[in-house]
Amino acid sequence: MNHQHNQEVLGQPHRKRNYKPAIIIITILINGLVALLAGLPGVDNFTAFDVKILPLMNAIFNSFTFLFLLAALIAILKRNVTLHRRFIYAAFATTTLFLVTYVAHHFLSASTPYGGSGVMAGIYYFILITHIVLAAIIVPLALTSVARAWNMENERHRKIARWTMPIWLYVSLTGVIVYIMISPYY
């Protein structure tokens, strides 16, 4: 039996924690680091491994995040909270791994320009720009969603999750699409 269930059985109120400072700090750190890396030229003469493997790893982690989020959505629609929670934690794990490989790639390598033109370039840049903007927004949304769940603020969790889930699904899917579209130019 878990602690939360024990508290409910014993009639003890759930102790709410203030996650807002942590959410703000983590959001600033992640989004700030990503913005900082966008302007860096990359490391000259890095030869420890082929950094071109990192964008592929990013796409793989984003694919798993998408699948875990989809499974979490299906689980909660079936009212299976335990399975939903496990898939959300899995999505956070793969998103964290994505962030590690993303930061490593952009620290070690300069940004790759898209080589396409015409309609494909328009589609690529539309997807890329919406992906970037929503990726920055999803950081505090996802953290706030999980914090509300941890605090047993179920109604407030549902309200924000209605925004978080589709945006996070979009960000993880478009991350894969961006990789597929730019990978010929690495």
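Description of the structure in this document. Note that the structure is a prediction, hence the values are computed from the model and not measured. (Residues numbered from 1 in each chain as written. Predicted model: local features only at pLDDT ≥ 70, side-chain atom pairs only at ≥ 80, totals over all residues. Heavy atoms only, no water.)

### Description of helix H2 (residues 20-38)
Side chains that are three or four residues apart share a direction in an α-helix, a result of its 3.6 residues per turn.
Move 1: Here H2 is 19 residues long and its end C-alpha atoms lie 27 Å apart, about the 27 Å a rise of 1.5 Å per residue gives.
Move 2: Those residues of H2 lying buried are Ile23, Thr27 and Leu37. Buried residues of H2, viewed axially, fall in a sector of 120°; they line one side. Turned more than 90 degrees away from the buried face of H2, the exposed residues are Ile25, Ile28, Leu29, Ala35 and Leu36.
Move 3: Lining the buried residues of H2 we find helix H4 (81-108) and helix H5 (118-150). (Helix = DSSP H or I, 4+ residues; strand = E, 2+ residues; numbered from the N terminus. Expected span 1.5 Å × (residues − 1). Buried < 20%, exposed > 50% of the residue type's maximum accessible area, 1.4 Å probe, protein only. Arc of directions from axis to C-beta. Contact = heavy atoms within 4.5 Å.)

### Some words on the nonpolar core
Move 1: Counting 13 residues, the largest nonpolar core has Leu69, Ile88, Ile138, Leu141, Met165, Ile167 and Trp168 as the members making the most contacts within it.
Move 2: Looking at this core, the element that brings in the most residues is helix H6 (residues 154-182), giving six residues.
Move 3: Setting aside residues up to four positions removed in sequence, Met165 forms contacts with Leu69, Ala72, Leu73, His84 and Ile88.
Move 4: With eight residues, the next largest nonpolar core counts Tyr114, Ala121, Tyr124 and Val178 among its residues. (Core = buried A, V, L, I, M, F, W, Y, C linked by side-chain atoms within 4.5 Å.)

### Observations concerning H6
Move 1: Given a rise of 1.5 Å per residue, 29 residues ought to cover 42 Å, and the 40 Å separating the end C-alpha atoms of H6 matches this to within 8%.
Move 2: At Ala161, H6 is bent by approximately 40°, the largest bend along its length. (Bend = angle between axes of the 7 residues up to and from the residue.)

### Concerning the side chain of Asn62
Move 1: Considering the arrangement of structural elements, one finds Asn62 in helix H3 (residues 53-77).
Move 2: Look past the residues within four positions of Asn62 in its chain and what remains in contact with it is Phe98, Ser172, Gly175 and Val176.

### What to know about the packing of H2 against H4
When two helices pack together, their arrangement is given by the angle between their axes and by how far apart the axes lie.
Move 1: Put simply, H2 and H4 touch, their axes get as near as 9 Å, and they point 25° apart. The angle between H2 and H4 places the two elements in the roughly parallel class. As for the relative orientation of H2 and H4, their crossing is left-handed in sense. Residues Ile30, Leu33, Val34 and Leu37 of H2 pack against Leu99, Tyr102, Val103, His106 and Phe107 of H4.
Move 2: Within the contact of H2 with H4, the residues separate by chemical class into eight nonpolar, one polar and no charged. (Axes fitted to C-alpha atoms, helices over the stretch in contact; angles between N-to-C directions. Parallel < 35°, antiparallel > 145°, perpendicular 65-115°, else oblique. Left-handed = near helix turned anticlockwise from the far one by under 90°. Nonpolar A, V, L, I, M, F, W, Y, C, P; charged D, E, K, R; others polar.)

### Observations concerning the environment of Asn154
Move 1: Within the element layout of this structure, Asn154 appears in helix H6.
Move 2: By relative accessible area, Asn154 is classed as partly exposed at 38%.
Move 3: In this structure, the C-alpha to C-alpha distance between Asn154 and Thr174, residues 20 residues apart in sequence, is 29 Å.

### Observations regarding the pattern of salt bridges
Move 1: Under the defined criterion, the tally for this structure stands at two salt bridges.
Move 2: Of the charged contacts, one joins Glu153 and Arg156 as a salt bridge, the two residues approaching to 2.8 Å between their closest N and O atoms.
Move 3: For Glu153, a relative accessible area of 16% puts it in the buried group.
Move 4: One salt bridge in this structure joins Glu155 and Arg158, with 3.5 Å as the shortest N-O distance. Linking Glu155 with Arg158, this pair stays in helix H6, spanning three residues, or about one helical turn. (Salt bridge = Lys/Arg side-chain N within 4 Å of Asp/Glu carboxyl O.)

### Description of unusual backbone geometry
Move 1: Residue Asn45 is not a glycine yet carries a positive backbone phi of 55°.
Move 2: Relative to the helices and strands, Asn45 is located in the loop between H2 and H3.
Move 3: One non-glycine residue, Met152, lies in positive phi territory at about 60°.
Move 4: Counting through the fold element by element, Met152 comes out in the loop between H5 and H6.

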